[in-house]
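Architecture at a glance
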Amino acid sequence: MKLYSTNNKSLNVSFKEAVFNSLPADKGLYMPSVIPTMPADFINNLDKYTLAEIAFEVAKRLIGEDIPSSDLKMIVEEAINFEAPVLFLTDRTAVLELFHGPSLAFKDFGARFMSRVMAYLSKNENNSKLLDVLVATSGDTGGAVALGFLGVEGTRVTILYPKGKVSPIQEQQLTRNGQNIRAIEIDGTFDDCQALVKEAFNDQELNKTFRLTSANSINIARLIPQTFYYFNAYAQLLKRGIREVVFAVPSGNFGYIGAGLLAYKMGLPVKQFLAATNVNDTVPRFLNSGTYEPKPSVQTLSNAMDVGNPSNWVRIMDLFGSDTNLLKEKVTSYSYTDEDTRKGIDMLYNQYSYIACPHTAIAHLAAEAYKTGHAGEYSTVFLSTAHPCKFPDVFSYEKIAAISIPEQVKELENKPSKKDLLGTSYPAFKAWLLSNKL
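Reference entry: report on the structure contained in this document. (Residues numbered from 1 in each chain as written. Predicted model: local features only at pLDDT ≥ 70, side-chain atom pairs only at ≥ 80, totals over all residues. Heavy atoms only, no water.)

Where a strand is regular, its side chains alternate between the two sheet faces. Of all six residues in strand E10 (residues 245–250), six are buried; the element is thus mostly enclosed. Of the two faces of E10, the one holding Val245, Phe247 and Val249 and the one holding Val246, Ala248 and Pro250 are both buried throughout. Where E10 meets strand E13 (residues 379–384), four bridges bridge the pair, whose relative direction is parallel. Bridged to Val245 within E13 is Ser379. (Buried < 20%, exposed > 50% of the residue type's maximum accessible area, 1.4 Å probe, protein only. Helix = DSSP H or I, 4+ residues; strand = E, 2+ residues; numbered from the N terminus. Pairing = 2+ DSSP bridges.)

Next comes the structure, spelled out in structure tokens:
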């Protein structure tokens, strides 16, 4: 697998280099030089494959010879060892539940796959340096990365998260796992956290001192495994005789929907993608006006989507050759307020007795909005981001009582919390890294 930078298509790097360097020096994002097309026979018979089998076939096509098939199969089977069921609420509306992994969020797909790929690629290197993983999180990324890398030999993870802007359970997953996981609470926004991480990757002194890599959705090893659940969702639809689908995707940093669009470019037949955002609506405004104007992020109930300048948007534009008209043919975007989100949560509960996290509720709102203006025999599948137990402050007492708390959450409650607090100053963050390098 060869990759280029979205800022320089003449760049040509290996999969291994892209995984470990994470960001090209020109501050673009890595993209596959060639996007493979999955065989028609595979697509038409997806319903005959398990999730792990689908994941292996897709990963093999993308990664190629960089990881031998036998080893790649082992990586996939270890990483993707949980289910992602499609649950139908009506004949035409379904939810794709992606919270059945260890951190109870869809990001388990990317984090678990990436951690094992990194460990595999590091194993045969003559490099005594610890692999230092830097990650900024607005919610669930940090927990998924923490559990994905927890105890992985030769790695250390440093997670930056915005103070007061993650839920209590999300913070527990960041600060209570210990071992090779470190947490820094930043007195700022997710965009501030992300800016600190990006600046560190472009700091020559830090790169000489540390072996830095990223676990955010900007890393290509996070993007690839997120394609798996789109193919798997379609496999489940095929079992019901459904061949036309619209995916409604909660969107913050746009890696979630970016993976779906990559799957589409690989041959997955998708009628339309709906990018559902909260009031951090940079992309909906762009698709309406044609002008891309990032703005500071605003805190909302759907905190994992509180991103004012989504990093992965450049990848999506790249997939469509920067042709906005082509992009708009495949992507429709909607934005919702916190008031809308609460109404969406109530709608799902009152109509279907289904309790959805705020991000999931926003995706459902987009699915319903699209259906009002688009007739047809298609089915809408809205993607469920995280287990509702992660957002206790959002729900009424009645809904909280109906939520089943998973055992892994109960275990974290009895562990001590450890974190450091920093502001948004890059020199202070750099000094922290250098003073805690052992």
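Here we take up the sheet that holds strand E3 (residues 30–32). Ordered in space as E2-E1-E3, the three strands form an open sheet in which the pairing is antiparallel. The open sheet terminates on both sides in strands that have one partner only, identified here as strand E2 (8–14) and E3. Adjacent strand axes in the sheet meet at a mean angle of 40° when their direction is disregarded. Pairing between strand E1 (residues 2–5) and E3: three bridges, direction antiparallel. Each residue of the ladder has a partner; that of Tyr4, found in E3, is Met31. (Axes fitted to C-alpha atoms, helices over the stretch in contact; angles between N-to-C directions.)

Bringing the sheet that holds strand E11 (residues 272–277) into the picture now. Strand order across the open sheet formed by six strands is E4-E5-E13-E10-E11-E12, with mixed pairing between neighbours. Each having just a single partner strand, strand E4 (86–88) and strand E12 (331–335) make up the two edges of the open sheet. Adjacent strand axes in the sheet meet at a mean angle of 25°, parallel and antiparallel pairs treated alike. Summarising the sheet, E10 and E11 pair through five bridges and their orientation is parallel. What sits directly across from Ala248, in E11, is Leu274. The strands touched by helix H11 (residues 228–238) within the sheet are E4, strand E5 (93–97), E10, E11 and E13, with E10 carrying the most contacts at an inclination of about 140°. (Contact = heavy atoms within 4.5 Å.)

This brings us to the packing of helix H16 (residues 338–352) against helix H17 (residues 358–373). Orientation of H16 relative to H17, taken along the N-to-C sense of each, is 80°, at an axis distance of 8 Å. Taken together, the axes of H16 and H17 are roughly perpendicular relative to one another. Contacts from Asp340, Thr341, Gly344, Ile345, Met347, Leu348 and Tyr352 in H16 reach Pro358, Ala361, Ile362, His364 and Leu365 in H17. Here the residues of the contact of H16 with H17 are counted per class, giving eight nonpolar, three polar and one charged. (Parallel < 35°, antiparallel > 145°, perpendicular 65-115°, else oblique. Nonpolar A, V, L, I, M, F, W, Y, C, P; charged D, E, K, R; others polar.)

The buried count for helix H6 (residues 140–149) comes to nine of ten residues, which makes it a mostly enclosed element. Among the residues making up H6, those that are buried are Asp140, Thr141, Gly142, Gly143, Ala144, Val145, Ala146, Gly148 and Phe149. In the core, the buried residues of H6 are packed alongside helix H5 (108–123), strand E6 (131–136), strand E7 (155–162), helix H7 (168–175), strand E8 (181–186) and helix H10 (220–226).

Here the focus is the pattern of salt bridges. Between side chains of opposite charge, pairing is possible as soon as their charged atoms come close. Taken as a whole and assessed by the stated rule, the structure comprises 16 salt bridges. For Glu57, the salt bridge identified is with Lys60, shortest N-O distance 3.5 Å. Here Glu57 and its partner Lys60 are both found in helix H3 (residues 51–63), three residues apart, which amounts to about one turn of the helix. With a relative accessible area of 30%, Lys60 lands in the partly exposed category. Glu171 is paired through a salt bridge with Lys419; the nearest N and O atoms lie 3.0 Å apart. Of this pair, Glu171 sits in helix H7 while Lys419 sits in the loop between helix H19 (407–412) and strand E14 (420–422), placing them 248 residues apart in sequence. What emerges from the salt-bridge pattern is a single network uniting Asp281, Arg285, Glu293 and Lys295. (Salt bridge = Lys/Arg side-chain N within 4 Å of Asp/Glu carboxyl O.)

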